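Chain and residue survey
Listed here are the chains, written in short residue letters.
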Amino acid sequence: MELRQLRYFVAVAEELNFGRAAARLLIAGPSLSQQIKALERDLGVRLFDRDRRSVTLTTAGSALLPDARALLGRADELRVRARQLSGTEAVRLGYVSWLPPDLTAHATAVARVHIDAWVAPSHTQAARVADGSLDLAVCWVRSEDLAELGLRARLLGADRLHAVSTGPESGPVPAAGIVVLLSDDVTSWAQWNLYAEQLAHDTGAAVRRIADSGITGSAFFDHVRRSDRPVLRSPKDMAAPIPADLVRREIVAPEVYWTWSLVCGADEQRAGVLAVMDALCAGVDATRMHGPEAWLPANDPHRCR
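Owing to the predicted nature of the structure, the values given are computational and were not obtained by experimental measurement.

**A few points about a nonpolar patch on the surface**
- Where nonpolar side chains cluster on the molecular surface, the patch consists of Met1, Leu43, Val45 and Leu64 and spans about 310 Å² of accessible area.
- Here Val45 lies in the loop between helix 3 (29-43) and strand 1 (48-50).

**Quick notes on the side chain of Arg249**
- Its location among the elements puts Arg249 in strand 12 (residues 246-252).
- Buried charge Arg249 goes without a salt bridge, the closest partner of opposite sign being Glu169 at 4.2 Å.
- Within the local environment of Arg249, its side chain forms a polar contact with the backbone oxygen of Gly171, the two atoms lying 2.4 Å apart.
- The contact partners of Arg249, leaving out residues within four places of it in the chain, are His162, Ala163, Ser165, Glu169, Ser170, Gly171, Pro172, Val173 and Pro230.

**So, the environment of Glu255**
- Along the chain, Glu255 turns up in strand 13 (residues 255-265).
- Measuring from C-alpha to C-alpha, the distance between Glu255 and Val186 comes to 26 Å, with 69 residues separating the pair along the chain.
- Each residue touching Glu255, except ones within four places of it in the same chain, is listed here: Arg160, Glu293, Ala294 and Trp295.
- A polar side-chain atom of Glu255 sits 2.9 Å from a polar atom in the side chain of Tyr257.

**Points about helix 2 (residues 18-25)**
- Within the sequence span of helix 2, burial applies to Phe18, Ala21, Ala22 and Ala23.
- The elements touched by buried residues of helix 2 are helix 1 (3-15), helix 3, strand 1 and strand 2 (55-57).
- If you check the start of helix 2, you find a side-chain oxygen 2.9 Å away from the backbone N of Gly19, and it comes from Asn17.
- Looking one or two residues past helix 2, Leu26 carries a phi angle of roughly 60°, positive in sign.

**Considerations on the packing of aromatic side chains**
- One pass over the structure, following the stated rule, counts 11 aromatic pairs.
- Consider the rings of Phe220 and Phe221, whose centres lie 5.5 Å apart with planes at 65°: the pair is edge-to-face. As far as burial versus exposure is concerned, Phe220 and Phe221 are alike and both buried.
- A connected cluster of aromatic rings, assembled from ring pairs, spans Trp98, Trp140, Trp192, Tyr195, Trp258, Trp260 and Trp295.

**A word on the pattern of salt bridges**
- Evaluation of the coordinates by the stated rule reveals 22 salt bridges.
- Residue Glu15 is joined to Arg20 by a salt bridge in which the shortest nitrogen-to-oxygen separation is 3.4 Å.
- Between Arg270 and Glu268 there is a salt bridge, and its shortest N-O distance comes to 2.7 Å.
- The class for Glu268 is buried, based on a relative accessible area of 9%.
- One salt-bridge network, in which partners are shared between bridges, spans Glu14, Glu15, Arg20, Arg24 and Arg69.

Here is what the cut-offs are and how they apply
- Residues numbered from 1 in each chain as written.
- Predicted model: local features only at pLDDT ≥ 70, side-chain atom pairs only at ≥ 80, totals over all residues.
- Heavy atoms only, no water.
- Patch = residues over 30% accessible without salt bridge, like charges linked within 9 Å, V, L, I, M, F, W, Y side chains within 5 Å.
- Areas by Shrake-Rupley, 256 points an atom, 1.4 Å probe, with all protein chains shown as cover.
- Salt bridge = Lys/Arg side-chain N within 4 Å of Asp/Glu carboxyl O.
- Helix = DSSP H or I, 4+ residues; strand = E, 2+ residues; numbered from the N terminus.
- Buried < 20%, exposed > 50% of the residue type's maximum accessible area, 1.4 Å probe, protein only.
- Lys, Arg positive; Asp, Glu negative; His and termini not counted.
- Polar contact = N/O pair within 3.5 Å; in protein donor to acceptor, adjacent residues only side chain to side chain.
- Contact = heavy atoms within 4.5 Å.
- Phe/Tyr/Trp six-rings, centres within 6.5 Å; stacked < 30°, edge-to-face > 60°.

As far as function goes, none of this settles anything; it's purely spatial.
Below, the structure written as structure tokens:
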């Protein structure tokens with residue numbers, strides 16, 4: 001019996017669906033099924049009743065689930081404690097425009113974190129992790145970016161995006177009824193353009209190309225005033241107040257989500273770096289963005305497949 005098999009057991013028990021559990025664990029479905037069968041052989045009990053339509057816990061599976069969770073919790077505590085004792089080398093962390101509000105409280109408990117002063121676009125920060133200029137970065141990435149740069153990612157946060165429009169209508173707007181802005185400044189807005197183009201393709205939202213980098217700030221609100229449709233707002237500008245002559249519009253059919261990843265090198269083994277990842281990503285709630293009404297790009301590394 002291995003800890004990873006217990007993690008697989010808990011994931012399947014919580015999802016009651018092998019496909020969803022495999023996506024959550026980032027492993028292939030057949031491999032997950034084989035590991036569960038191996039665990040059942042080692043334990044000498046059947047953990048799940050499964051057929052082509054459903055998965056349910058057996059009586060033995062229900063009885064063992066709390067013990068499995070407790071063992072995993074103790075293993076995680078041991079791992080974090082070991083990383084705390086491993087050294088005091090600073091961990092260099094870069095970001096784009098957003099950091100968790102409780103970052104300092106969580107990260108400083110396990111390592112000395114240096115927040116890099118250079119706030120740069122997502123693709124730049126990911127590349128800096130790949131070349132060793134940063135240990136970690138908060139950014140938006142695609143699965144192919146991770147593969148190309150030799151990185152891995154954990155979910156750090158998810159924003160439900162909204163639109164902004166002129167009044168007086170302030171109710172929800174279908175995604176097909178909004179405008180997404182694409183910037184000619186691909187140095188700064190490359191990842192946003194990729195995201196916005198995919199959203200427009202999948203939902204029927206209109207595309208408008210701009211030359212003034214008005215994805216955020218006062219220039220964005222000027223674009224809204226000139227638009228005959230609500231305009232999608234970038235997550236980089238979410239905290240800024242909306243002018244009194246404009247209104248916030250919830251986007252529905254589908255709900256639109258943007259993910260923030262915490263990325264490190266694919267072969268990262270330094271205890272301090274891994275401890276910071278554990279501390280910052282523990283307990284991140286992905287429930288909303290995995291709902292039936294949610295939209296994420298098909299190549300988002302955190303999308304359930």
